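Coordinates in review
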Amino acid sequence: MSEMVSGSLVLSGVLFTIGVLGVMIRRHPVVIFMCIELMLNAANVALVAFNQQHYSNQWPALDGQVYAFMVIAIAAAEVAIGLAIIVALFKRREWIDVDEINLLRG
Amino acid sequence: MLEYVWLAIAFPLAGVVVNGIFGRLIRSKLVSGIIGCTALGLSFAVAVLTWMDYAFQLWTVRDGPYYEVVLWPWIHVGNLQIDAALLVDPLSIVMLLFVTGVSFLIHIYSTGYMAHDDGYSRFFTYLNLFVSMMLILVLANNGLVMFVGWEGVGLCSYLLIGFWYRDMYNANCGMKAFVVNRIGDFGVLIGLFMLFLYFGSVNFVHIFNHSADVFSGAAAWVPLAIGLFLFLGATGKSAQFPLHIWLPDAMAGPTPVSALIHAATMVTAGVYMVARLNPIFTQAPTAGFVVAVVGCFTAFMAATIALTQHDIKKVLAYSTVSQLGYMFIACGVGAYWVAIFHVVMHAFFKACLFLGSGSVIHGMHEEQDTRYMGALRKFMPWTYATFMVSTLAIAGIFPFAGFFSKDEILWQIAIWQAEFGWAPAVLWIVAALTALMTAFYMGRVTYKTFLGKERWTSDFKAKHKHPHESGPAMVVPLVVLAALAIIGGAALFMPPWTMGLQHTTLKTFMAPSTDPASFVELPAAHEVPAVEVAHAAEHGAEHGAMEAGHGAEHGAAHHEAFVMLGSHTTTEILFAAFSVLLALIGLIWSWVWFVPRFGATEKWKQRLKPLYGFSLGKWFFDELYHRVIVVPGTAVAYACWRFFDLKIVDGIVNGTAWVIGVIGQLTRPLQTGFVRNYALYVLLGAVILMLCNLTK
């Protein structure tokens, strides 16, 4: 495993952990949303890194990179919907805390 | 033409589709009626063409008398090979002809009778469906297709008996007919299963050709059991003891329906099935014996009930039960063609009687009780004339239709080779007694309705003054049927013309289907030179054909019987004279009691009070069945509902719901409503998956 790949994977792991912790700990929906984006991008970094690792003359493909683009596209769509929900929530309340949105509790 | 015989079924079915689906759109009663009648008219035309085609080809067909029309492959699973196929042979042609013919006349009559009814197109839909189901039944070439028709007529009888369903009584009568028939259907099903078990096929031709060798290899009880199970079905459909109770209640339907059920469709199905599967009954003489005894008992029992009923349709209903008993006697003694002969003759005069009673009820404005009729002769001359002719026919007066068939049945009982020597004599005496009672009760109902003094209710007189004759749509079918009741018997028994046909009598025409000997000796029958067959046919209905053509052993057995009874033509004429004498005694006796000396019966009612009550109460069969079957059955059903249904079935369902509820309660705290908890679950899940992957 080359230096660059292992470094990228460490970066990816750190970013993902930050994202997970952010989702678990923070209460503001926009911040949670940003953390989700962080996790997605951590995954993107890992995808690209793995592609680099396996890239060779026998396997001259860019599957990892292409997949990363797909993740970006889906993340964009997700942002569109998620932000819309958040805006709608802001319209109803002054300040929102995700812990207050608990109508579906058992 | 033979391969187009399915059109006979298709036309009424088309009528069902048009009237059933578009009936509400048509709105015009005239159009609905025309569609219904045309469908049957075309069907009758197909029947006639089929008959002509077959009659002129008979004996030139080298492969035997059966012509099979395969419409489409139906069920092909393993060694179960069943096609939707029709069978054209003399028996099915005879059934086809009279079912379509009589039904056609009843359809025409219905256009008049039902003219004021709201459910006009619905009525014709059911009527057409009824006939098409009956045709499927008689044309089927295997047991399963026959069973489709068998169930179909049961369904249609239910629909038509309960036609005026707003009255709960009518609906109950329909249900009674259906439920009682279901008991018989169970027997038919078991019989068909057993046939498939032993023959590996339910195809009739296959069964006919192999019955002798299959049953010779099987235990003796096998043909007996098959025969008895099939006969159970026949008792249901043909209203024989102990399942006869539905037929008198079937009077709840409109009168044309009664005529259709009693004459052309439904009740003839049982007799037809026994005649159709006669090779099985031939292999099981004990089953035949049971058939004859049950038929004889039913004939006697129903005749005694008919003696005292007041309702004109009830008398006719019990008379049908009684006549069906005669048909089963003929089946039981092995004279299958005689049974079918009586079926056809009975269709003519009973249809005429029922339609006549409908005309009376119509003219009397829904009055059915003969106690409040009388003197209708003046007001309804056509109905009176046709009713009288049919009465003479059913009583068995020479030369009316009923004479030939009934006399032939009595004669066949006399020459019957029974297992028990006493049986023919006992059955003959009971059957002769029944013939006497038949003449008496038919005379009684005719005289009470049409002759004597007016006994109309004051209510009726105030409202309608006097009864009126029915319109031409109702009178014309009556006249046609009455004409058939006059000449039908002679035309089929000893026709004075040949029309270029070799087989002019019903007996010789039907011999390939109904003469058991012709199955055993089927190949031999074809090797007989045509001249000899023609010669045999010239000898007419007598046993020449059998001796010349088929079954030397069988013929010899019959021959011995003739020797025992002496010269058989002389004996037969004596027997015939005796049965006419009985009929005359019955008719004259009832005339004396119900016309010049009306009221003479009152003192006999007092003297024979227990017997009279027994007859008037219909032998209390309904009450007996109510106590023995309905009440315990209801108790068992109640117990099943109370314990099995409520506790076990509902318990399983409710228990499942309870378990799921408990699981839900237990896991409820997991759903906190905090998004971060859910995120934690997702994370935990992902970690667990990863750990699983690592440990692999």
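All chains use their own residue numbering, which begins from 1 and follows the written sequence. Lettering of chains starts at A and numbering of ligands starts at 1, both following the order in which they are written. Residues qualify for local features only when their pLDDT is at least 70, as the model is predicted, and side-chain atom pairs are given and counted only at 80 or more; totals for whole chains, interfaces and linings, by contrast, use all residues.

**Description of the domain arrangement of chain B**
Definition in use: Residue ranges for the domains trace back to a domain assignment, done automatically or taken from a database.
Taken domain by domain, chain B comprises domain 1 (2-493) and domain 2 (620-695). Using only C-alpha atoms to locate each centre, domain 1 of chain B and domain 2 of chain B end up separated by 52 Å.

**Observations concerning the pairing of strand β1 (residues 67-77) of chain B**
All names here are of chain B. Here is the rule: Counting other C-beta atoms within 10 Å of each residue's C-beta, where C-beta atoms are placed from the backbone, gives the exposure class: buried for 20 or more, exposed for 12 or fewer, partly exposed between. Secondary structure elements are defined from DSSP: runs of H or I of at least 4 residues count as helices, runs of E of at least 2 residues count as strands, and each element is numbered from the N terminus. Two strands qualify as a pair provided DSSP detects at least 2 bridges between them.
Across the 11 residues of β1, 1 count as buried, placing the element largely on the outside. Across 9 bridges, β1 lies against strand β2 (residues 80-88) in antiparallel orientation. Across the sheet, the residue bridging to Glu-68 is Leu-87, located in β2. Between β1 and β2, which pair antiparallel and follow one another directly, the connecting turn spans 2 residues, one of which, Gly-78, has a positive phi of 55 degrees.

**A look at helix α11 (residues 267-276) of chain B**
Among the 10 residues of α11(B), 10 are classified as buried, and the element is accordingly described as predominantly covered. Among the residues of α11(B), B:Val267, B:Thr268, B:Ala269, B:Gly270, B:Val271, B:Tyr272, B:Met273, B:Val274, B:Ala275 and B:Arg276 are the ones counted as buried.

**Here's the deal with the interface of chain A and chain B**
Quick reminder of the rule: Whether two residues are in contact is decided by their C-beta atoms, placed from the backbone, lying within 7 Å. The residue classification treats Ala, Val, Leu, Ile, Met, Phe, Trp, Tyr, Cys and Pro as nonpolar and Asp, Glu, Lys and Arg as charged. All others, Gly included, are polar.
Residue-level contacts link 9 residues of chain A with 12 residues of chain B. Taken together, the residues of the side of chain A that touches chain B break down into 5 nonpolar, 2 polar and 2 charged.

**Quick look at the environment of B:Pro256**
When you line up the elements, B:Pro256 lands in helix α10 (residues 255-264). Remark: the alpha-carbon pair of B:Pro256 and B:Leu355, spanning 99 residues in sequence, is separated by 6.4 Å.

**Describing the nonpolar core**
How we decide: Remark: nonpolar core denotes a set of buried Ala, Val, Leu, Ile, Met, Phe, Trp, Tyr and Cys residues whose joining runs through C-beta atoms within 7 Å.
Judged by nonpolar contacts, the single largest core of 204 residues is most densely connected at B:Ile329 and B:Ala351. If we skip the residues at most four places from it in the chain, B:Ile329 touches B:Ala292, B:Gly295, B:Cys296, B:Ala299, B:Ile409, B:Ile413, B:Leu427 and B:Ala431. A:Ala42, A:Ala46, A:Ala49 and A:Ala68 belong to the second largest nonpolar core, which has 6 residues in total.

**Some thoughts on unusual backbone geometry**
Residues and elements named next belong to chain B. For the peptide bond that leads from Phe-241 to Pro-242, omega is 5 degrees, which places it in the cis range. With respect to the helices, strands and loops of the structure, Pro-242 is situated in the loop between α8 (221-237) and α9 (246-249). The phi angle at Ala-239 is positive, at roughly 55 degrees, despite the residue not being glycine. Locating Ala-239 in the fold gives a position in the loop between α8 and α9. Of note in this structure, His-365 is not a glycine but carries a positive phi near 55 degrees.

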